[in-house]
Amino acid sequence: MRIVIADPNLMPQRATLEAALPAGTLTSWHDSWNEHSVLTDLKDADVYVGPKFTGAMGAHAPNVRLVHVAGAGYDGIDADALPAGAVCANTFHHESSIAEYIAASLVALRRNLLGQDAALRSGIWASSVYSQDIPQPETLRGAVVTFLGFGHIGSAAWKLLQAFGAEGIAITRSGTVDPQTNGLRWAGTTDRLNEALSESDILLISIPLSAETTALVSTEELENLGAKGQVVNVARGPVLDEAALYEALKDRKIAGAAVDVWYQYPGTDGRRVPSALPFDRLDNIIMTPHSSGVTAETFRGRAVEIAENITRLSSNEPLKNVVISR
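*Asks:* Could you clarify how one ought to interpret the overall build of the protein chain in this entry?
*Replies:* Along the backbone of the protein chain there are eleven helices and 13 strands. Each principal axis of the C-alpha distribution contributes one length, and for the protein chain these read about 70 × 45 × 35 Å. Split into buried and exposed, the 326 residues of the protein chain put 46% on the buried side. For the protein chain, the share of sequence-separated contacts (at least 6 apart) that also reach a separation of at least 24 residues comes to 63%. Accessible area of the protein chain: about 15800 Å², with a carbon and sulfur share of 49%. The protein chain carries 26 positive and 37 negative side-chain charges, and their two centres are separated by 3 Å.

*Asks:* Mind showing me how you'd approach the layout of surface pockets here?
*Replies:* The method is simple in principle: a probe with the dimensions of a water molecule rolls over the atoms, and the space it marks as empty is what remains. Approximately 970 Å³ is the volume found for the second largest pocket. Along the walls of the second largest pocket sit 31 residues, with Leu-109, Arg-110, Asn-112, Gln-230 and Ala-255 positioned nearest its centre. Those elements that place two or more of their residues in the lining of the second largest pocket are helix H4 (95-111), helix H5 (113-120) and strand S12 (285-287). For the lining of the second largest pocket, the per-class residue count stands at 13 nonpolar, eleven polar and seven charged.

*Asks:* Got a minute to help me understand the nonpolar core in this structure?
*Replies:* Grouped burial of nonpolar side chains is what soluble globular proteins tend to show. If you look at the biggest cluster of nonpolar residues, it comprises 32 residues, and the most contacted ones within it are Leu-148, Ile-205, Val-231 and Leu-245. Of all the secondary structure elements, the ones that give two or more residues to this core are strand S6 (144-148), strand S7 (167-172), helix H8 (193-197), strand S9 (202-205), helix H9 (219-225), helix H10 (242-250) and strand S11 (256-259). Those residues in contact with Leu-245 that sit more than four places away from it in its chain are Leu-222, Leu-240, Ile-254, Ala-257, Val-259, Tyr-263 and Phe-279.

*Asks:* Is there a simple way to explain the pattern of salt bridges in this structure?
*Replies:* Side-chain pairs of opposite charge can arise whenever the charged atoms involved come near each other. The full count for this structure, using the stated rule, is 13 salt bridges. For Arg-252, the salt bridge identified is with Asp-283, shortest N-O distance 2.5 Å. One end of the pair, Arg-252, is in the loop between H10 and S11; the other, Asp-283, is in the loop between S11 and S12, and 31 residues separate them in sequence. Owing to a relative accessible area of 45%, Arg-252 belongs among the partly exposed residues under this scheme. A single network of salt bridges, built from pairs that share partners, joins Glu-305, Glu-308, Arg-312 and Lys-320.

*Asks:* Hey, could you run me through the sheet that holds S6 in this one?
*Replies:* To summarise the sheet geometry, strands pair through backbone hydrogen bonds and adopt either a parallel or an antiparallel arrangement. The strand order across the open sheet built from seven strands is S8-S7-S6-S9-S10-S11-S12, with neighbouring strands paired in parallel fashion. Pairing within the sheet leaves two strands with one partner each, and these edge strands are strand S8 (186-189) and S12. Between one strand and the next, the sheet's axes are offset by a mean angle of 15°, whatever the strand orientation. In this structure, strand S10 (residues 230-233) lies alongside S11, joined through four bridges in parallel fashion. Residue pairing for S11: Gln-230 is matched across the bridge by Gly-256. In the packing of helix H6 (residues 152-163) onto the sheet, the strands contacted are S6, S7 and S9, and the crossing angle to S6 comes to about 165°.

*Asks:* I keep staring at the packing of H4 against H6 and nothing clicks. Help me out?
*Replies:* Angle between the axes and distance between the axes: these two values describe a pair of packed helices. Axis separation between H4 and H6 bottoms out at 8 Å; the angle between their running directions is 50°. The orientation of H4 relative to H6 falls into the category oblique. Like other packed secondary-structure pairs, H4 and H6 cross with a definite hand, here right-handed. Residues Glu-95, Ile-98, Ala-99, Glu-100, Ile-102, Ala-103 and Leu-106 of H4 touch H6, and the partners they reach there are His-152, Ile-153, Ala-156, Ala-157, Leu-160 and Leu-161. For the contact of H4 with H6, the class distribution of residues is ten nonpolar, one polar and two charged.

*Asks:* Before we go on, may I ask you to explain the packing of aromatic side chains in this structure?
*Replies:* By convention here, two paired aromatic rings are described through the distance between centres and the angle between planes. Counted under the stated rule, the structure contains seven aromatic pairs. Measuring from centroid to centroid gives 5.7 Å for Tyr-48 and Phe-53, while their planes differ by 45°, and the two rings are tilted. Summarising the burial analysis for this pair, Tyr-48 and Phe-53 share the class buried. Residues Tyr-246 and Phe-279 carry aromatic rings whose centres are separated by 5.5 Å and whose planes lie at 85° to one another, so their mutual orientation is edge-to-face. Of this pair, Tyr-246 sits in helix H10 while Phe-279 sits in the loop between S11 and S12, placing them 33 residues apart in sequence. Considered together, Tyr-246 and Phe-279 belong to a single accessibility category, that of buried residues. A network of ring pairs unites the aromatic residues Tyr-246, Trp-262, Tyr-263 and Phe-279 as a single cluster.

*Asks:* Got a minute to help me understand the sheet that holds strand S3 (residues 47-49) in this structure?
*Replies:* The strand order S2-S1-S3-S4-S5-S13 describes an open sheet built from six strands, whose pairing is mixed. Edge positions in the open sheet fall to strand S2 (26-29) and strand S13 (322-325), since each of these has one partner strand only. Across this sheet, the average inter-strand angle for adjacent strands is 20°, counted without regard to direction. Pairing geometry for strand S1 (residues 2-5) and S2, over four bridges, is parallel. Residue Val-4 lies in a different strand from S2, and its bridge partner there is Ser-28. Across the sheet, helix H11 (residues 296-314) lies against S1, S3, strand S4 (66-68) and strand S5 (87-89), angled at about 175° from S4, the strand it touches most.

*Asks:* When you look at H6 in this model, what are you seeing that I'm missing?
*Replies:* Spacing of three or four residues puts side chains on the same side of an α-helix, whose turn is 3.6 residues. Taking 1.5 Å per residue, twelve residues should reach 16 Å; H6 reaches 18 Å between its end C-alpha atoms and fits that length. Along H6, the residues that are buried comprise Ile-153, Gly-154, Ala-156, Ala-157, Trp-158 and Leu-161. Residues of H6 that are buried in the fold lie against H4, S6, S7, helix H7 (179-182) and S9. Once H6 ends, the next one or two residues include Gly-165, with phi positive near 95°.

Calculation notes
- As a convention, each chain's residues are numbered from 1 in the sequence order in which they are written.
- Whole-chain, interface and lining totals are the exception, using all residues; otherwise, since this is a predicted model, local features are given only for residues with pLDDT of at least 70 and side-chain atom pairs are given and counted only at 80 or more.
- The basis for every side-chain value is the complete set of non-hydrogen atoms in the structure, without hydrogens or water.
- Every helix listed is a DSSP run of H or I at least four residues long, and every strand listed is a run of E at least two residues long, numbered separately from the N terminus.
- Each residue's exposure class comes from its accessible area (1.4 Å probe, protein chains only) as a fraction of the maximum for that residue type: buried when under 20%, exposed when over 50%, partly exposed otherwise.
- Any pair of residues with heavy atoms lying within 4.5 Å of one another is described as a contacting pair.
- Each accessible area is a Shrake-Rupley result for a 1.4 Å probe, and residues are judged covered by the shown protein chains and nothing else.
- Within this scheme the basic residues Lys and Arg register as positive and the acidic residues Asp and Glu register as negative, but His and the chain ends are omitted.
- Where a charge lies is defined by one atom per residue type, namely NZ (Lys), CZ (Arg), CG (Asp) and CD (Glu).
- Cavities and pockets are found on a 1 Å grid laid over the protein atoms alone: a cavity is a set of points where a 1.4 Å probe fits but cannot escape, a pocket is an open set with protein on both sides within 12 Å along at least five of seven lines, and a lining residue has an atom within 4 Å of such a point.
- Grid points are joined across faces, edges and corners, and a volume is the space filled by probe spheres set on the points.
- Each residue receives one of three labels: charged for Asp, Glu, Lys and Arg, nonpolar for Ala, Val, Leu, Ile, Met, Phe, Trp, Tyr, Cys and Pro, and polar for the others, Gly being one of them.
- In plain words, nonpolar cores are sets of buried Ala, Val, Leu, Ile, Met, Phe, Trp, Tyr and Cys residues tied together by side-chain atoms within 4.5 Å.
- Definition used for salt bridges: Asp or Glu carboxyl oxygen within 4 Å of a side-chain nitrogen of Lys or Arg.
- Should DSSP find at least two bridges between two strands, the strands are regarded as paired.
- Helix axes are fitted only over the stretch in contact, all axes being lines through C-alpha atoms; the angle between N-to-C directions runs from 0 to 180 degrees.
- Each angle receives one of four descriptions, namely roughly parallel if under 35 degrees, roughly antiparallel if over 145, roughly perpendicular if within 65 to 115, and oblique otherwise.
- Each crossing gets its hand from how the near helix is turned against the far one by less than a right angle, where anticlockwise is left-handed and clockwise is right-handed.
- Between 30 and 60 degrees the pair is tilted, below 30 it is stacked and above 60 it is edge-to-face, where a pair is any two Phe, Tyr or Trp rings, Trp via its six-membered ring, whose centres lie within 6.5 Å.
- Helix span, expected: 1.5 Å multiplied by one less than the number of residues in the helix.

In C-alpha cells:
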C-alpha cells in the first residue's frame, strides 16, 4: 500500500504515524500542500492525506481509495473529484487543546493579565491595590457561560470550566442537549440565544459555520451580553459579525474578546492582517492565528487515528469518521 502525505502539520508526527502503519506500507511526504508536486506523486497511490483534493488530483489518482484530512474540516475536498468507490474521512483530537486555550484566554481576559503586563513594563503597577480606579477582577467561579455550539469543543470546554466553578447554558441548532445530564443551567435552540446572553457573563462560540450561522452573533447579541461580557471565538470568524465585534470592543460595549478565527487568511508565507478593521489597535482583545488546536497532543492523536484508518482499509474493515462516500 502506498500513501501520499501532504499536510505540513503532520511532519512533526511523522515517526508516530509511520510506526502505526501496517508493515510494508510505503509513504511519500510533502512538507507543504502544492498541487503540482502532489499531482506527480498520486499515480499509484492508494491513500492521500492532505487538506485539499482537487479535480486535477482526482484525475491523476485512479487508485486512491481513501482521502484523509488531518482535522475536522473537509471543505477543501472536492467530493466529485474522488475516484469511484473512494471515501473521505476526517479526524478530531483537538478539543482538549482548544478547551485549554479557552480557559487560559478567559483567565487572561478576566484578570487583565496582558494589560497588567504592558503597564508593569512601563513601571505602572496596574492593580486595585495601588489605584482605586481599577476594580478588583472577577474569577471564573460563578461566571455564567453561554456555549454557542456544544459538540466536541463546547463539551470539552464545559468540563474544564466546571472545574473553575463556572455555570453553563448550551445553545445549539438542534436543541437536543440534555441540561440535567451535562450539569447545565439550561439548554435551548439558537432562537433563545439572546435570552441566554442576557443572563451570561461569557459567550463561547464553537458552532460550525453555515448559511444559518453566518453573523449569528452581531450587534444585538453583543449588546445583550453587556458591558462586562467577554467573547471567545474558536469556531469560524464569520459566525461573529466582523464590524459588530470591532465596534463593540472599541466602544466598550463588551469588556473583551479572545479571537482565534478570522476574516482574512494568509497564503503559504503566513503573512496577512486578519481583518480589514484595525483590531490590532484595541487593548481589550487577545488575537491568535487560528492556533488554539495546534498542539503536539492534537496531531499525535490525529496521526495515530489516520494510521488506524489506513490499517482498517488494508484489512477491508469499516473506516472511522467517513464524511464523503463515492
